[in-house]
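One-letter residues, chain by chain:
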Amino acid sequence: MTYISPTECAPHTLTSEEWLREAVMRLHDEVFAEHLGGAELPAFRISRGWPRGSRKAIGQCWSTVSSKDGATEMFISPVLGTAERVSLLQVVAHEMVHMYVGAEHGHKAPFAKLARAIGLEGKLTATTAGAAFVDSTAALLADMPAYPAEKMSADSGTPVKKTYLLRVTCPECPEVVLRMTMKVVAACQEGPHGAVLCPCCGEEAEVELPG
């Protein structure tokens, strides 16, 4: 069977998953390769979908241990659409850094070293495309067709039932989702650590406050 690159497909036959897969392969060859010491592209799958644990997250990478065949699984949020091409590519690259260094490292030193090397800037848990990244991917984006999906709103349109339990998540451990009362959250924040800590990795967790 002859492989046809998504960039050669007619626009109406291109899917978001094909676009994202093509982006991963080209980022590997054109952006990451010089920083990987000849390492090959690992087995992966990437698709458009809501990251688990928080609809505020715009991308998520799952460890190889989560997939039965050992492939890395990446999800790109539907809040990014065809108009957010640079942001979209930057999120894909961010999740690829997790893939290369291993999701178990979270956003610590191995992640930081590679992310900075390819030009990702800002807070490591929410990187942005720096000038170096924009320059290195300009030709790639110019050659890629339009991303074949419009952005979605995270608002489902159904009324949200009020609750007295606050949602607590960890940026380092997407599988950790807790529900805590305001009283317990306050006790943690007033304690010796000054924050709610993830029971898995010990890093500061994020508390979603009402309103």
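Since this is a predicted model, take the numbers as computed values, not measurements.

### Overview of the sheet that holds strand S3 (residues 72-76)
Sheets are built from strands that pair by backbone hydrogen bonding, the pairs being arranged parallel or antiparallel.
Next, step 1: Here three strands make up an open sheet; going across it, the order is S1-S3-S2 and the pairing mixed. Among the strands making up the open sheet, the edge pair consists of strand S1 (44-48) and strand S2 (59-62). Neighbour-to-neighbour, the strand axes of the sheet open up by a mean angle of 15°, direction not taken into account.
Next, step 2: Of the strand pairs in this sheet, S2 and S3 are connected by four bridges, and their pairing is antiparallel. Note on S3: the bridge partner recorded for cysteine 61 is methionine 74.
Next, step 3: Across the sheet, helix H1 (residues 16-32) is in contact with S1 and S3; its angle to S1 comes to roughly 135°.
Next, step 4: Together, S1, S2 and S3 form the strand contacts of helix H2 (residues 85-101), whose direction differs from that of S3 by roughly 155°.

### Considering the sheet that holds strand S8 (residues 206-208)
Next, step 1: With antiparallel pairing, the three strands of this open sheet are ordered in space as S7-S6-S8. Each end of this open sheet is capped by a strand with a single partner; those strands are strand S7 (177-181) and S8. Going from strand to strand, the sheet's axes swing by 35° on average, the running direction of each strand aside.
Next, step 2: Here helix H5 (residues 182-189) sits on the sheet and contacts strand S6 (165-169), S7 and S8; the angle it forms with S7, its principal contact strand, is near 95°.

### Focus on the packing of H1 against helix H4 (residues 131-143)
Next, step 1: Orientation of H1 relative to H4, taken along the N-to-C sense of each, is 140°, at an axis distance of 10 Å. Relative to H4, the element H1 lies oblique. The way H1 lies across H4 gives a crossing that is right-handed. Between H1 and H4, the residues in contact are Arg26, Leu27, Glu30 and Val31 and Phe133, Ser136, Thr137, Leu140 and Asp143, respectively.
Next, step 2: Split into classes, the residues belonging to the contact of H1 with H4 amount to four nonpolar, two polar and three charged.

### So, the pattern of salt bridges
A side chain with one charge may pair with a side chain of the opposite charge, provided their charged atoms come close.
Next, step 1: Inspection of the entire model under this criterion finds seven salt bridges.
Next, step 2: Close ionic contact of glutamate 208 with arginine 167 constitutes a salt bridge, the shortest N to O distance being 3.0 Å. One end of the pair, glutamate 208, is in strand S8; the other, arginine 167, is in strand S6, with 41 residues separating them in the sequence.
Next, step 3: Exposure remark for arginine 167: the relative accessible area of 16% places this residue in the buried category.

### What to know about the packing of H2 against helix H3 (residues 109-117)
Next, step 1: At their nearest, the axes of H2 and H3 sit 9 Å apart, and the two run at 130° to each other. Relative to H3, H2 is oriented oblique. Crossing angle aside, the handedness with which H2 passes H3 is right-handed. Along the contact surface, H2 presents His94, Val97, His98, Tyr100 and Val101, while H3 presents Pro110, Phe111, Leu114 and Ala115.
Next, step 2: For the contact of H2 with H3, the class distribution of residues is seven nonpolar, two polar and no charged.

Reading the values: rules and limits
- Residues numbered from 1 in each chain as written.
- Predicted model: local features only at pLDDT ≥ 70, side-chain atom pairs only at ≥ 80, totals over all residues.
- Heavy atoms only, no water.
- Pairing = 2+ DSSP bridges.
- Helix = DSSP H or I, 4+ residues; strand = E, 2+ residues; numbered from the N terminus.
- Axes fitted to C-alpha atoms, helices over the stretch in contact; angles between N-to-C directions.
- Contact = heavy atoms within 4.5 Å.
- Parallel < 35°, antiparallel > 145°, perpendicular 65-115°, else oblique.
- Left-handed = near helix turned anticlockwise from the far one by under 90°.
- Nonpolar A, V, L, I, M, F, W, Y, C, P; charged D, E, K, R; others polar.
- Salt bridge = Lys/Arg side-chain N within 4 Å of Asp/Glu carboxyl O.
- Buried < 20%, exposed > 50% of the residue type's maximum accessible area, 1.4 Å probe, protein only.

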